[in-house]
Amino acid sequence: MNIDQNKIAIIKHCRQSLLFHEGEAWIKNSNNTLFDVTMGSLDGAEICELVGIYMLHLLQNDIKDADIGLYRDDGLVLINNANGPLLERTKKKIIQIFKNEGLKITIVTNLKSTDFLDVTLNLTNGKYYPYKKPNDNTVYVHSKSNHPPSVIKQIPHMVSERISKLSCNEEEFDKAKPFYENRLRQSGYTEPLKYIEKSNRPKQKRKRYRNILWYNPPYSKDVKTNIGRHFLSLVKKHFSQHRYQKIFNVNSIKISYSCMPNMSNVISNHNKVILQSSQSQGSPRKCSCTTKNTCPLNGNCLETSIVYEATVTSNNNTYKYIGLTENTFKQRYTNHMMSFKHKKIQQCHRTFKNYMVPQRFQQTVHHHMENSTKSHTIQDRREKVRFMSFREISYINGQRPYYK
């Protein structure tokens, strides 16, 4: 796949991000440019994976006698029987590869033991065991929290399975488990952690999975009714003799409860609504156009409950189009513009084909608002303007419309 330089420039430009703090834009101190991918961006993890795959490709082509692994922004390189000078040359080569791509990297060489993610790897004795940062504060979901019972029940087992996989043997597991058992007891769990032997059985071939429909009702301890049981009973009752019984049955529909928002989310959402409402109490916004000079209503396109008039020319003929809308004029104007371009949308409107307003009904049209009245003339030149309802013309003229 070949990508020309113009597309590459567009992609790089779209990756630039703006970062604001207290009303001020932040830029990099080094080169006074925008941020490429900001921390916490919606697709930051995906971009990191793509960049990592590309860098692995470059490293494997230039460094042949090494095993290289990468997870997000952490990498690990293993070189067998390497002396100090060889490791130093390899280090400089890796730094140069990253520098050619506009990236920086920090490398520590000649290590016999290292901490990678959540595991410690020791090349001297060939052991590995769980690793946690010194300031790590591990917290588990409390046993009395408002979560489905199946989730609460599986937490001690999942912790045991994870620690067992990160330990090379039961001895290392016993050294690490007191910390995690203490954290579990603080969360209300009394079940002790047990070492789970690693299975040496070969992986089975991938089986063909059935098409499963999942029903995810929210779970709450305040609800005493067994929602899942009643739902499956209704499925069995109404679809046992139905023609869609092969699709909707107790074997193809599974129940999986979803969690309700916790108190922190409830409070933050409530505060967000209050703050937004207090900020919106200032002067109302009158225009949403990015370019004010192109506003169809001279900076008042967000006015609501209006009657408007448009002068329409088609094949050297001039017509007057008069309409009213309860929504903003911007929404009505956008719908008209869409109907000019798409024939499918034209069928959704009551056409103006037979309801043309004659010259004797032309008059000055005002915007009817609660506190003020403003006069505007809207002119638009299009070849196909055919939209006006019978109710609109009757409302404006006060009598039956004129038929062309």
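Residues numbered from 1 in each chain as written. Predicted model: local features only at pLDDT ≥ 70, side-chain atom pairs only at ≥ 80, totals over all residues. Heavy atoms only, no water.

Trainee: Got a minute to help me understand the overall build of the protein chain in this structure?
Mentor: Helix and strand content of the protein chain: 10 helices and 16 strands. When each of the 404 residues of the protein chain is scored for burial, the buried share is 26%. Of the accessible surface of the protein chain, which amounts to about 30900 Å², a share of 51% is contributed by carbon and sulfur atoms. (Helix = DSSP H or I, 4+ residues; strand = E, 2+ residues; numbered from the N terminus. Buried < 20%, exposed > 50% of the residue type's maximum accessible area, 1.4 Å probe, protein only. Areas by Shrake-Rupley, 256 points an atom, 1.4 Å probe, with all protein chains shown as cover.)

Trainee: Help me out: how do you make sense of the sheet that holds strand β6 (residues 119–122) in this one?
Mentor: For sheets, the rule is that strands pair by backbone hydrogen bonds, running either parallel or antiparallel. The three strands are arranged β5-β6-β7 in an open sheet whose pairing can be described as antiparallel. Taken across any chain shown, the strands that pair with only one partner, and hence form the sheet edges, are β5 (113–116) and β7 (128–130). Averaged over all adjacent pairs, the angle separating strand axes in this sheet is 20 degrees, with direction ignored. Pairing of β6 with β7, which is carried by three bridges, proceeds in the antiparallel orientation. Looking across to β7, one finds that Leu 121 is bridged to Tyr 128. (Pairing = 2+ DSSP bridges. Axes fitted to C-alpha atoms, helices over the stretch in contact; angles between N-to-C directions.)

Trainee: Looking at this structure, how should I read a nonpolar patch on the surface?
Mentor: Taken together, the side chains of Leu 213, Tyr 244 and Ile 247 make up a nonpolar region of the molecular surface, amounting to roughly 270 Å² of accessible area. For Leu 213, the location among the structural elements is in strand β8 (residues 213–215). (Patch = residues over 30% accessible without salt bridge, like charges linked within 9 Å, V, L, I, M, F, W, Y side chains within 5 Å. Salt bridge = Lys/Arg side-chain N within 4 Å of Asp/Glu carboxyl O.)

Trainee: Help me understand the side chain of Thr 120 in this model?
Mentor: Inspection of the secondary structure puts Thr 120 in strand β6. Side chain to side chain, Thr 120 and Asp 115 meet in a polar contact 2.8 Å long. Residues contacting Thr 120, with those up to four places away along its chain left out, are Ser 113, Thr 114, Asp 115, Lys 127, Tyr 128, Tyr 129, Pro 130 and Tyr 131. (Polar contact = N/O pair within 3.5 Å; in protein donor to acceptor, adjacent residues only side chain to side chain. Contact = heavy atoms within 4.5 Å.)

Trainee: Mind showing me how you'd approach the pattern of salt bridges here?
Mentor: Opposite charge on two side chains permits pairing when their charged atoms draw close. Under the defined criterion, the tally for this structure stands at seven salt bridges. The salt bridge involving Glu 172 is made with Lys 127; its shortest N-O contact spans 3.8 Å. With a gap of 45 residues between them, Glu 172 in helix α5 (residues 170–186) and Lys 127 in the loop between β6 and β7 connect regions that are remote in the sequence. A relative accessible area of 27% places Lys 127 in the partly exposed class. Residue Glu 161 is joined to Lys 165 by a salt bridge in which the shortest nitrogen-to-oxygen separation is 3.7 Å. You can see Glu 161 and its partner Lys 165 sitting in helix α4 (residues 149–165), four residues apart, about one turn around the helix. One network of salt bridges, with partners in common, ties together Lys 127, Glu 171, Glu 172 and Lys 175.

Trainee: Whenever I open this one, unusual backbone geometry confuses me. Can you help?
Mentor: Most peptide bonds take the trans configuration, and most residues that are not glycine carry a negative phi. For Asn 298, which is not glycine, the phi dihedral falls at a positive 55 degrees. Note on placement: Asn 298 falls in the loop between α7 (263–279) and β12 (304–314). Residue Asn 298 is classed as exposed on the basis of its relative accessible area, which comes to 65%. One non-glycine residue, Ser 305, adopts positive backbone phi at about 55 degrees. Among the secondary structure elements, Ser 305 is positioned in strand β12.

Trainee: How should the nonpolar core be read in this particular structure?
Mentor: If you look at soluble globular proteins, the nonpolar side chains tend to sit buried side by side. Within the largest apolar cluster, 13 residues are counted, with the highest numbers of intra-cluster contacts made by Tyr 140, Ile 155, Val 159, Ile 163, Tyr 180, Leu 184 and Leu 193. For this core, the secondary-structure elements that each account for two or more residues are α4 and α5. It is α5 that provides the largest number of residues to this core, a total of five residues. Residues contacting Leu 184, with those up to four places away along its chain left out, are Tyr 140, Ile 155, Pro 156, Val 159, Tyr 189 and Leu 193. (Core = buried A, V, L, I, M, F, W, Y, C linked by side-chain atoms within 4.5 Å.)

Trainee: Can you walk me through the pairing of strand β4 (residues 74–78) in this structure?
Mentor: Each regular strand carries side chains that alternate between the two faces of the sheet. Relative to β4, strand β3 (residues 67–71) runs antiparallel, the two being bridged by five bridges. Each bridged residue has a counterpart across the sheet, and for Tyr 71 the counterpart in β4 is Asp 74. In textbook terms, the turn of a hairpin is the stretch between consecutive antiparallel strands, and for β3 and β4 this stretch comprises two residues, one of which, Arg 72, has a positive phi near 55 degrees.

Trainee: Would you mind going over the side chain of Asn 122 with me for this structure?
Mentor: Here Asn 122 lies in strand β6. Of note is the side chain of Asn 122, whose polar atom sits 3.5 Å from the backbone nitrogen of Asn 125. The contacts of Asn 122, once residues within four sequence positions are left out, are Lys 112, Ser 113 and Lys 127.

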